[in-house]
Amino acid sequence: MAERAATASAWRQLLTPALRQRIEQLLEAQQGQPGWSAERPVLLLERCWLRLKAVPVAQLAVALPPDSSAEAPELSRFRQLRAEGCEGLVAQEQCWREFGREACSQALRRFWRAQEQGNHGWTFERYLELVEHYRRHLEADGPRPVPLLVLARQGSGAPHDLHWCWPGPQSIGHTFS
């Protein structure tokens with residue numbers, strides 16, 4: 001519970017009163033909707049412009065594309081072979097036989113380009129983790145949070161920050177339908 005209180009104050013400090021009010025309204029609406037749905041909102045905050053955008057989970061990968069270059073089949077197979085004990089050169093040659101040299105080279109170039117350009121740590125793995133945690137939160141009993149991704153500034157190497165917005169204490173007499 002203390003963790004929820006700490007995160008609640010952290011995300012509230014990032015916002016103007018109008019944005020806080022908007023999130024509180026989304027949180028209130030969230031409490032009245034049982035279960036999981038791909039239409040549930042994920043909040044994206046552009047801190048520099050104080051722009052808050054609510055995106056359905058189903059559209060999150062379009063609105064904020066995750067870097068999936070590390071998940072290329074050629075690179076995944078190379079990692080698998082290495083984990084099985086193959087030497088680097090042997091694993092590379094096996095991947096060349098399975099996928100072709102050009103496909104392996106392209107996958108590697110895409111991966112390194114993504115590493116150089118940076119994607120603020122927004123990888124396919126982080127995307128899947130967010131969706132999985134969100135689903136678990138919504139399927140559990142109790143308050144229903146909304147994820148807030150605070151987008152890193154362009155050109156910075158900083159990662160996007162994920163906050164969970166939990167509903168605050170209810171005012172006396174307030175009930176959810």
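So, here is what we can say about the structure in this document. Please read these numbers as outputs of a predicted model, since none were measured by experiment.

**Quick look at the sheet that holds strand β3 (residues 146-151)**
Taken together, the 4 strands give an open sheet; going across it, the order is β2-β1-β3-β4, and neighbouring strands pair in mixed fashion. With partners counted over all chains shown, the strands left at the sheet margins are β2 (51-56) and β4 (161-165), one partner each. In this sheet, adjacent strand axes meet at a mean angle of 25 degrees when their direction is disregarded. Note: strand β1 (residues 41-46) against β3, 4 bridges, orientation parallel. Each bridged residue has a counterpart across the sheet, and for Glu46 the counterpart in β3 is Leu151. This element, helix α2 (residues 17-31), spans β1, β2, β3 and β4 of the sheet and lies at about 20 degrees to β2. Lying over the sheet, helix α7 (residues 124-139) contacts β1, β3 and β4, oriented at roughly 5 degrees with respect to β4.

**What about the side chain of Ser69?**
Along the polypeptide, Ser69 turns up in the loop between α3 (60-63) and α4 (73-83). At 2.7 Å, the side chain of Ser69 and the side chain of Asp67 are in polar contact. Residue contacts for Ser69: discarding those within four places in its chain leaves Leu75, Arg110, Phe111 and Ala114.

**A word on the environment of Gly155**
With respect to the helices and strands, Gly155 occurs in the loop between β3 and β4. Accessibility expressed as a relative area gives 82% for Gly155, which makes it exposed. The spatial distance from the C-alpha of Gly155 to the C-alpha of His120 is 9.2 Å, given a sequence separation of 35 residues.

**Some details on the pairing of β1**
Within β1, 5 of the 6 residues are buried, which leaves the element mostly enclosed by the surrounding structure. Alignment of β1 against β2, held across 6 bridges, turns out to be antiparallel. Residue Pro41 lies in a different strand from β2, and its bridge partner there is Pro56. The loop that links β1 with its antiparallel partner β2 comprises 4 residues; one of these, Leu50, has a positive phi angle of about 50 degrees.

**Details of unusual backbone geometry**
Its identity is not glycine, yet Leu50 carries a phi of approximately 50 degrees, on the positive side. As for its placement among the helices and strands, Leu50 is situated in the loop between β1 and β2. For Leu50, a relative accessible area of 38% translates into the label partly exposed.

**Some thoughts on α2**
Compared with the 21 Å implied by 1.5 Å per residue over 15 residues, the 21 Å span of α2 between its first and last C-alpha is a close match. Every buried residue belonging to α2 is among Leu19, Ile23, Leu27, Gln30 and Gln31, and all of these are buried. What you see down the axis of α2 is that its buried residues fit within an arc of 120 degrees, all on one side. Those residues of α2 that are exposed and angled more than 90 degrees off the buried face are Pro17, Ala18 and Gln21.

**Comments concerning the nonpolar core**
Membership of the largest hydrophobic core comes to 27 residues, with the highest contact counts inside it found for Leu44 and Leu60. Within the residue set of this core, elements represented by two or more residues are α2, β1, β2, α7, β3 and β4. Beyond its immediate sequence surroundings of up to four residues, Leu44 is in contact with Arg51, Leu52, Lys53, Val55, Leu60, Ala63, Leu64, Leu149 and Leu151.

What counts and how
Residues numbered from 1 in each chain as written. Predicted model: local features only at pLDDT ≥ 70, side-chain atom pairs only at ≥ 80, totals over all residues. Heavy atoms only, no water. Pairing = 2+ DSSP bridges. Helix = DSSP H or I, 4+ residues; strand = E, 2+ residues; numbered from the N terminus. Axes fitted to C-alpha atoms, helices over the stretch in contact; angles between N-to-C directions. Contact = heavy atoms within 4.5 Å. Polar contact = N/O pair within 3.5 Å; in protein donor to acceptor, adjacent residues only side chain to side chain. Buried < 20%, exposed > 50% of the residue type's maximum accessible area, 1.4 Å probe, protein only. Expected span 1.5 Å × (residues − 1). Arc of directions from axis to C-beta. Core = buried A, V, L, I, M, F, W, Y, C linked by side-chain atoms within 4.5 Å.

Keep in mind that these numbers describe shape and distance, not what the molecule does.
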